[in-house]
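The residues making up each chain are set out below.
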Amino acid sequence: MRAATTGSGAATTGSGAATTGSGAAGKAADTPVGTPAATGLGGRAGRLLGAVFAALVGLFLMAPVLVTIASSLTTTSYVTFPPKGLTLHWYAELLNRPEFLDSFLISIGVAAGAAVVSTALGLAAGLAIHRYPFPGKSVLDRLFSSAFAVPTIVLGIGLLQWYAQLGMASSPLTLLLAHLVLTVPYTVRLVLAGLAGLDRSAELAAAGLGATAPRVFWHVTLPAVRGPMVAGAFFALITSFDDLTIALFVVTTDMQTLPVRIFNYLQYNYDPTVTAVGTVMVFFAAVVVVVIERVVGVAHLFGADPER
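Residues numbered from 1 in each chain as written. Predicted model: local features only at pLDDT ≥ 70, side-chain atom pairs only at ≥ 80, totals over all residues. Heavy atoms only, no water.

(A) Representation of the nonpolar core. Formed by 22 residues in total, the largest nonpolar core has its most connected members in F144, L159, L175, V188, I246, V250 and V251. Breaking this core down by element, the ones donating at least two residues are α4 (98-131), α6 (152-166), α7 (172-196) and α11 (245-250). Top contributing element to this core by residue count: α7, with eight residues. Residues within four places of I246 in sequence aside, it is in contact with T152, L155, G156, L159, A178 and L182. Among the nonpolar cores identified, the runner-up in size contains 19 residues, and W90, L94, A236 and Y265 belong to it. (Core = buried A, V, L, I, M, F, W, Y, C linked by side-chain atoms within 4.5 Å. Buried < 20%, exposed > 50% of the residue type's maximum accessible area, 1.4 Å probe, protein only. Helix = DSSP H or I, 4+ residues; strand = E, 2+ residues; numbered from the N terminus. Contact = heavy atoms within 4.5 Å.)

Here you go:
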C-alpha cells in the first residue's frame, strides 16, 4: 500500500512538471521570433537618447534667436554676448527711431497684400492646372516648380531691369509685384497638393443633388483645400516680410522694408538697437504661429493628423 501511494505521488508530481513544461512551451511559442529579451531596458534607453538628441537639435536651432534676445538686453552701447547687465533701454530707443516703425508698417502691409493676392492667384492657377486642359499646361506647371530654383538675386536684378524698361518708379505696388514672384509658386504647389487628395465623387454627388456650381465650390471644394490655402498664405506672409535680396533692388532711400532698414543700419552702426528690432520680429513671427495654431492648427496646416 505504501509503495502504491508513493508511486501515485510520483505520478502526480510528474504530471505537474509536465503541465509546467507545457505552460513554458506555450509562453515561448507566444514570444515573437527574434524579439530581444531585454526589450524594456533597451527601449527606454533608445527613447532617452532620442529625446536628448532632439533637445540638442532644438537648442542648436534656437541658439541664434536666444543670443539675439539676450544681446538686446545688454547695458553696453555695442552688441555683446553674454550681456553685461540687463536693461530695456534699447527697446525704448526704438520709439525714438520712427524710421524703423515706418519700415515695419511697409513690410507688414506688403506681406499681408502678398499673402492675400498669392492665395487667390494660387487657388485659381491650381484649379486650372489640376482640372482643365489648355495649351501650355505642362509648361506652366513646370514653371511654378522651377521658380524655387532661381536665385533671388537673379530675380532682383531682372525685376530692376524690367521696371526700368517700363518706367515704373519704386512704390509699395512694385514691391508687392516683386514679392508675388516669390510667393505665388508656394500657394500653387500647396493648392495642387490639396486638390490631389480631393475625391471628385463628393463634388459630383453634390451636383447630382441639385447644388449649383458655386455652392459645390463653396461647400465641397474650398473646405478640402482650406488647409493648403492657409499654409500658402502663411508662407507668402513670412517670405515677403523676411525678404531682403529682392527688396534691395526695388526700394529707395525713402521707402525701405524692415530687413533693408536693418541691413543699411548695420553698415554704420553696431548698437543693440538692431538686436531689439530682431527680437520684435521674432515675437511677431511667434504671434503669427500661435494665431494659426488657434485658427487652423499647425499639424493640420501641413497635412498631419493631430489625433495620431
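That covers the picture; the talk isn't over yet.
(B) A look at unusual backbone geometry. Each neighbour pair has its own omega, and for F81 with P82 the value is 0°, a cis peptide bond. By secondary structure assignment, the location of P82 is in the loop between α2 (39-71) and α3 (89-94).

(C) Structural context of α7. With 25 residues, α7 ought to run about 36 Å at 1.5 Å a step, and its terminal C-alpha atoms sit 35 Å apart, in line with that. Residue V181 marks the point of greatest curvature in α7, where the axis turns by about 40°; the proline P185 follows within four residues. (Expected span 1.5 Å × (residues − 1). Bend = angle between axes of the 7 residues up to and from the residue.)

(D) Examining the side chain of S71 more closely. Note on placement: S71 falls in helix α2. Classification of S71 by relative accessible area gives buried; the value is 3%. In this structure the side chain of S71 is engaged in a polar contact, spanning 3.4 Å, whose partner is the backbone oxygen of T80. Contacts of S71, omitting those with residues within four sequence positions, involve V79, T80, F81, P272 and T275. (Polar contact = N/O pair within 3.5 Å; in protein donor to acceptor, adjacent residues only side chain to side chain.)

(E) Structural view of the confidence of the model for the protein chain. Averaged over the protein chain, the pLDDT score is 77; the fraction of residues at 70 or greater is 81%. Here helix α1 (residues 2-30) is the element of the protein chain with the lowest mean pLDDT, 46, and α4 is the one with the highest, 88. In the predicted structure, residues 1-38 sits below a pLDDT of 50 and forms zero contacts with residues beyond four places in sequence or in another chain. (pLDDT = per-residue confidence, 0-100.)

(F) Layout of a nonpolar patch on the surface. Side chains of W162, L166, M168, L173 and L177 sit close together on the surface and give an oily, nonpolar patch of about 470 Å² of accessible area. Of all the elements in the fold, those that place two or more residues in the nonpolar patch are α6 and α7. Relative accessible area serves as the criterion here: at 31%, M168 is assigned to the partly exposed category. (Patch = residues over 30% accessible without salt bridge, like charges linked within 9 Å, V, L, I, M, F, W, Y side chains within 5 Å. Areas by Shrake-Rupley, 256 points an atom, 1.4 Å probe, with all protein chains shown as cover. Salt bridge = Lys/Arg side-chain N within 4 Å of Asp/Glu carboxyl O.)

(G) Main features of the packing of aromatic side chains. If you walk through the whole model with that rule in mind, you get five aromatic pairs. When the centroid spacing of 6.0 Å and the interplanar angle of 80° are considered together, the rings of F104 and F241 count as edge-to-face. Here F104 is found in helix α4, whereas its partner F241 is found in helix α10 (residues 226-242), with 137 residues between them in sequence. On the basis of an interplanar angle of 10° and a centroid distance of 5.7 Å, the ring pair of Y186 and F235 is categorised as stacked. (Phe/Tyr/Trp six-rings, centres within 6.5 Å; stacked < 30°, edge-to-face > 60°.)

(H) Seen up close, α10. A rise of 1.5 Å per residue sets the reference length of α10, with its 17 residues, at 24 Å; its end C-alpha atoms lie 24 Å apart and thus fit the reference within 8%. Along α10, the residues that are buried comprise G227, P228, M229, A231, G232, A233, F234, A236, L237, S240 and F241.

(I) Local environment of the pattern of salt bridges. Scanning the entire structure with this criterion turns up two salt bridges. Residue R97 pairs with E93 through a salt bridge whose shortest N-O separation is 3.9 Å. Residue class for E93 comes out buried when judged on its relative accessible area of 18%. When the shortest N-O distance is used, the salt bridge between E99 and R97 registers 3.8 Å. Classification of E99 by relative accessible area gives partly exposed; the value is 24%. Looking at R97, the relative accessible area reads 23%, which means it is partly exposed. One network of salt bridges, in which partners are shared, links E93, R97 and E99.

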